[in-house]
Amino acid sequence: MVHAERAALIGDLTHLEDEQWREPSLCDGWTVHDVLAHLVDNARATRLGFLAGIVLARFDFDRQNTRGVERERGTTPQETLERFRRVASRTSAPPAPLDSRLVEEIVHGEDIRRPLGLARSYPPRAVVRALRLQARTPVSFGGAKELLSRVRITATDTDLTIGTGPEAEGPALSLLLAVTGRKAVLADLRGPGVATLSAGG
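Residues numbered from 1 in each chain as written. Predicted model: local features only at pLDDT ≥ 70, side-chain atom pairs only at ≥ 80, totals over all residues. Heavy atoms only, no water.

Draft legend 1. Quick peek at the packing of aromatic side chains. Summed over all chains, the structure comprises zero aromatic pairs. If you follow Arg-120 out to its NZ or CZ, it ends over the ring of Tyr-122, 5.5 Å from the centre. (Phe/Tyr/Trp six-rings, centres within 6.5 Å; stacked < 30°, edge-to-face > 60°. Lys NZ or Arg CZ within 6 Å of the ring centre and 35° of its normal.)

Encoded structure:
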């Protein structure tokens, strides 16, 4: 599933114009080009490499991610895209559940696609697996466990309900993006729990 998502993103990005690469993504502070560089860095990640990197970054995940973008961002978007092509079939991963790879590919795929007006029909199984992982992962590790102790999310396009509290409902993909802090998708959702998702944390 991860390899399929990488291949689909490569297909979507192959014919972008230069200005599209400079478009701000849904990931605060990063352009479309930056997010792709982050995905290259993620695909190259190994357990030992991740541990060494987080120590060098003084256990600051944001600093580690920034360094990864700087390392893997080519001098041109086409160079970065070629780097992504070369790592798309890798199976290495950091010391995290394998479904974290799905979260990365789907969420960052949307960070890129939505500002560009691109759409992808993701396999429902992949989105559900990504959501379930976020629900059991603490916020300190990039998850939404604490958030979903205060809000119940219900997907309207698949059989999925997670969490406790006022309900927010909508497409599973929008719910995944909302629990990962993407405010741009809140308009896709409805219910009293949307306010909790908007507050985040």
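Draft legend 2. Region of interest: the packing of helix H3 (residues 32-44) against helix H7 (residues 99-116). Packing of H3 against H7 brings their axes to within 10 Å, and their N-to-C directions diverge by 165°. For the element pair H3 / H7, the angle class is roughly antiparallel. Our pair here, H3 against H7, has a crossing hand that is left-handed. Where H3 abuts H7, its residues Val-32, Val-35, Leu-36, His-38, Leu-39 and Asn-42 lie against Arg-101, Glu-104, Glu-105, His-108, Asp-111, Ile-112 and Leu-116. Residue classes in the contact of H3 with H7 are distributed as six nonpolar, three polar and four charged. (Axes fitted to C-alpha atoms, helices over the stretch in contact; angles between N-to-C directions. Helix = DSSP H or I, 4+ residues; strand = E, 2+ residues; numbered from the N terminus. Parallel < 35°, antiparallel > 145°, perpendicular 65-115°, else oblique. Left-handed = near helix turned anticlockwise from the far one by under 90°. Contact = heavy atoms within 4.5 Å. Nonpolar A, V, L, I, M, F, W, Y, C, P; charged D, E, K, R; others polar.)

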